[in-house]
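An overview of the molecular structure
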Amino acid sequence: MKFNGENIAKYALMTVAFSAVASLLLIAVFIFKEGLPFMMKVGLKDFLFASDWDPLAGKFGIYPMIVASLWVTFGAMLIGAPLGIAGAIFLNEFAPPMMMKIIKPTIELLAGIPSVVFGFLGVMVLAPWIRATLGGPGLSVLAASIILGIMVLPTVLSISIDAIASVPNSYREGALALGATRWQSVYMVTIKAARSGIIASIILAMGRALGETMAVIMVAGNTVKVPHAVTDPVRTLTANIALEMANATGMAREALFATGIVLFMVIMVLNGIALSAIKGKARKK
Amino acid sequence: MRISPKITQALAVLLLGSATFFTVMVLVFVIVFVLGKGLPGVTWEFLSTNPRDMGRAGGILPTLVGTILLPLLAIAIALPLGVGTSVYLTEYTRETRMTRALRFGTDCLAGIPSIIFGLFGFIFFVVGLNMGWCLLSGGLTLAIMILPTIIRTSEEAIRAVPNSWREVSFSLGATRWETVLKVVLPNALPGIVTGVMLGIGRSIGETAAVIFTAGSALRMPISAFDSVRTMSVHFYILAREGISTEKAYATAAVLIISVLMVNLIAYGMMHRFIARRAR
């Protein structure tokens, strides 16, 4: 190998190119190194499926938090997915192009609103309203679901728009030529063709909702209890980590990293599915 | 009875249209509400003085400084790594199993929630490397978090530079590295700046990853090893601990305006870039 500028640049760039993957591995290694021994010690069953969380008494069951995260994420999808997909269909298929040009960037711009601001609005506006109309403490599964549903809207909307826009026009024309109305061509042809991209947008949004922390801490109420109604306050996995991180030491801190492992694994799986849905479609084309 | 397809269509369009309208209204409401409540509290004094009494009175000057320094530090670290990665992926290799793995890793990194970055930054930088809660720990953590954004946007920008320009450069006797420096990067610059601005916007709004790595000390940072509190963290603490609703709204207003401005520049840059490419 000649030692000259060209080669130095090439090998320097090659090294740098591993920075993202190396970071990913480093993150995985350190979270697992802190959390895995704890999981072994306590036992998977007593960690994942026990309902008592009391680190001071040596009880580390995160089952209520798992259920809470599932409820809140599912609720967020019930709100965010239909709205986002409806918006994407409307903007792509029915609205004048001008509207798309204004609304899409506006919504993507709004994706930058910090999550703490959403959380704060949840506390100031949404929670009092829920308390007044549905009862309960206000800070609840429902409040968290609504706030997260709004927060994931830009994700669902903008990925779904891309998915629907990439359906070839000849498909639509074929349906229209057969005498279908525009709406029939949308739900019989376009949506089916854009299916994998739309599903990917929902799964990515699920990952975001599941991983969101600060907004959820503010609006979910943070009580460690398996919820029975949507007006019950809950503590999600992410909230558990963030709330106890400041004061936790020893076993209690390891328990938080173990909670992090659960979160990390679930989100990696979700993202893997979403990425392969997007990639699979790209290959077909 | 069969409903006529025309009526179904009208109903569907009405429904879809109102859903879209609702979505836009909710997001506009968030901004208008926060600005309406917060802007009256945003005065020159609020921006230029130190907070007193935990933030109950006074301004937000140190958090403003923290909010500027931390994202800049993160960008300073992530930019060379991110642009280097994308140059390598686009200019120095063909599509192989390795580049696919690198891209997959980048996509995975992009999906990791910020609290995991916070956990990692805490155990690795703050505790492991014994750096403590400080500007540098926070900057390094944020740098990893925004790396995928930088890589993806600069890769797209570099790919958009026409191949014929590279060929001209090679035919003039330039080496690959000279071509990258003098032809590819200058022409991809607006796209790269878009990525930088998006990264800064994300760093400004981030709370979970920052609070566990940069800490939350409410004083002016002097060195890279001082703990800082960004506006997002300050706002979170004001709101969550019920210190002052009025100051919280004012801080939120400044926060939203900063993020929107940064994102607006990003989109402006992107559109200029796309327009130039189309020409």
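Residues numbered from 1 in each chain as written. Chains lettered and ligands numbered in written order. Predicted model: local features only at pLDDT ≥ 70, side-chain atom pairs only at ≥ 80, totals over all residues. Heavy atoms only, no water.

1. Some remarks on the overall build of chain A
What counts, and what does not: A run of H or I in DSSP becomes a helix once it reaches four residues, and a run of E becomes a strand once it reaches two; helices and strands are each numbered from the N terminus. When a residue's accessible area, from a 1.4 Å probe over protein chains only, is under 20% of the maximum for its type it is buried; when over 50% it is exposed; and in between it is partly exposed. Only heavy atoms matter for contacts: two residues are in contact if any of them lie within 4.5 Å across the pair. All accessible-area figures derive from a Shrake-Rupley calculation using a 1.4 Å probe, and residue coverage is judged against the displayed protein chains alone. Counted charges follow a simple rule, with Lys and Arg positive, Asp and Glu negative, and His plus the chain ends left uncounted. Charged groups are reduced to one reference atom each: NZ for lysine, CZ for arginine, CG for aspartic acid, CD for glutamic acid.
Of the regular secondary structure elements, chain A holds 13 helices and 2 strands. Overall, the C-alpha framework of chain A stretches about 75 × 70 × 30 Å when taken along its three principal axes. By residue count, 55% of the 285 residues in chain A fall in the buried class. In chain A, the proportion of contacts linking residues at least 24 apart, taken out of those at least 6 apart, comes to 73%. Surface accessibility of chain A: about 12200 Å² in total, with carbon and sulfur atoms responsible for 68%. A gap of 9 Å separates the mean positions of the 22 positive and 13 negative side-chain charges of chain A.

2. Focus on the packing of aromatic side chains
All names here are of chain A. Worth spelling out the cut-off: Classification of ring pairs uses Phe, Tyr and Trp, with its six-membered ring standing for Trp, and accepts pairs whose centres are within 6.5 Å; under 30 degrees between planes counts as stacked, over 60 as edge-to-face, and the remaining range as tilted.
Per the counting criterion, the structure on display carries 16 aromatic pairs over all chains. Ring plane angle 85 degrees and centroid distance 5.0 Å describe the contact between Phe38 and Phe60, whose orientation is recorded as edge-to-face. Pair noted here: Phe38 is in helix α2 (residues 19–42) and Phe60 is in strand β2 (residues 59–60), with a separation of 22 residues, a long-range link.

3. As for unusual backbone geometry
For Asn222 of chain A, which is not glycine, the phi torsion reads 65 degrees and is therefore positive. Tracing the backbone shows Asn222 of chain A in the loop between α11 (214–220) and α12 (237–245). One non-glycine residue with positive phi stands out, namely Asn130 of chain B, at about 55 degrees. As for its position among the elements, Asn130 of chain B is in the loop between α5 (114–128) and α6 (135–159). The exposure class assigned to Asn130 of chain B is exposed, which follows from its relative accessible area of 65%.

4. Considerations on the interface of chain B and chain A
What counts, and what does not: The quantity reported as buried area is the accessible area (1.4 Å probe) lost by two parts once they are put together, taken as the sum for both. Salt bridges, as used here, are contacts in which a Lys or Arg side-chain nitrogen is within 4 Å of a carboxyl oxygen on Asp or Glu. Each residue is assigned to one of three groups, with Ala, Val, Leu, Ile, Met, Phe, Trp, Tyr, Cys and Pro labelled nonpolar, Asp, Glu, Lys and Arg labelled charged, and all others, Gly among them, labelled polar.
If you look at the interface, chain B gives 75 residues, while chain A gives 69 residues. In this assembly, chain B packs against chain A so that about 6600 Å² is buried in total across both faces, 84% of it on carbon and sulfur atoms. By the criterion of area lost to chain A, the three top residues of chain B are Leu16, Leu27 and Leu119 of chain B, representing 10% of everything that side buries. Along the contact surface separating chain B from chain A lie 0 salt bridges. Ranked by the residues each element gives to the side of chain B that touches chain A, the list is headed by helix α1 (residues 5–38) of chain B, at 19 residues. By residue class, the composition of the side of chain B that touches chain A is 55 nonpolar, 16 polar and 4 charged.

5. Here's the deal with the environment of Pro162 of chain B
With respect to the helices, strands and loops of the structure, Pro162 of chain B is situated in the loop between α6 and α7 (163–171). Between the C-alpha atom of Pro162 of chain B and that of Asn187 of chain B, which follows or precedes it by 25 residues, the distance is 9.6 Å.

6. Points about the nonpolar core
To keep things clear, this is the line we draw: In plain words, nonpolar cores are sets of buried Ala, Val, Leu, Ile, Met, Phe, Trp, Tyr and Cys residues tied together by side-chain atoms within 4.5 Å. How far each domain reaches was decided by an automatic or database domain assignment.
Grouped together as the largest cluster of nonpolar side chains are 164 residues, with contacts concentrated most on Ile27 and Phe47 of chain A. Counting residues per element, this core draws most heavily on helix α7 (residues 141–165) of chain A, at 15 residues. Two domains each donate at least three residues to this core, and these are domain 1 (5–41) and domain 2 (44–278) of chain B. Counting 19 residues, the second largest nonpolar core, distinct from the first, contains Ala9 of chain A together with Val87, Tyr88 and Ala188 of chain B.

7. Side note on the domain arrangement of chain B
Residues and elements named next belong to chain B. Inclusion rule: Distance and chemistry together define a polar contact, namely a pair of N or O atoms within 3.5 Å, with one atom able to donate a hydrogen and the other to accept it when in protein, and with adjacent residues in sequence counting only for side-chain atoms on both sides.
Per the domain assignment, the segments of chain B are domain 1 (5–41) and domain 2 (44–278). A separation of 30 Å is found between the C-alpha centroids of domain 1 and domain 2. Facing 8 residues of domain 1, the contacting portion of domain 2 comprises 8 residues. Carbon and sulfur atoms make up 84% of the surface buried where domain 1 meets domain 2, a total of about 690 Å² over both sides. Where domain 1 meets domain 2, there are 0 salt bridges. The interface formed by domain 1 and domain 2 contains 0 residue pairs in polar contact (both at pLDDT 80 or more).

8. A look at helix α10 (residues 231–240) of chain B
Residues and elements named next belong to chain B. The buried fraction of α10 is high, at 9 of 10 residues. The set of residues buried in α10 consists of Met231, Ser232, Val233, His234, Phe235, Tyr236, Ile237, Leu238 and Ala239. Of the residues flanking the end of α10, it is Gly242, one or two places downstream, whose phi is positive at about 55 degrees.

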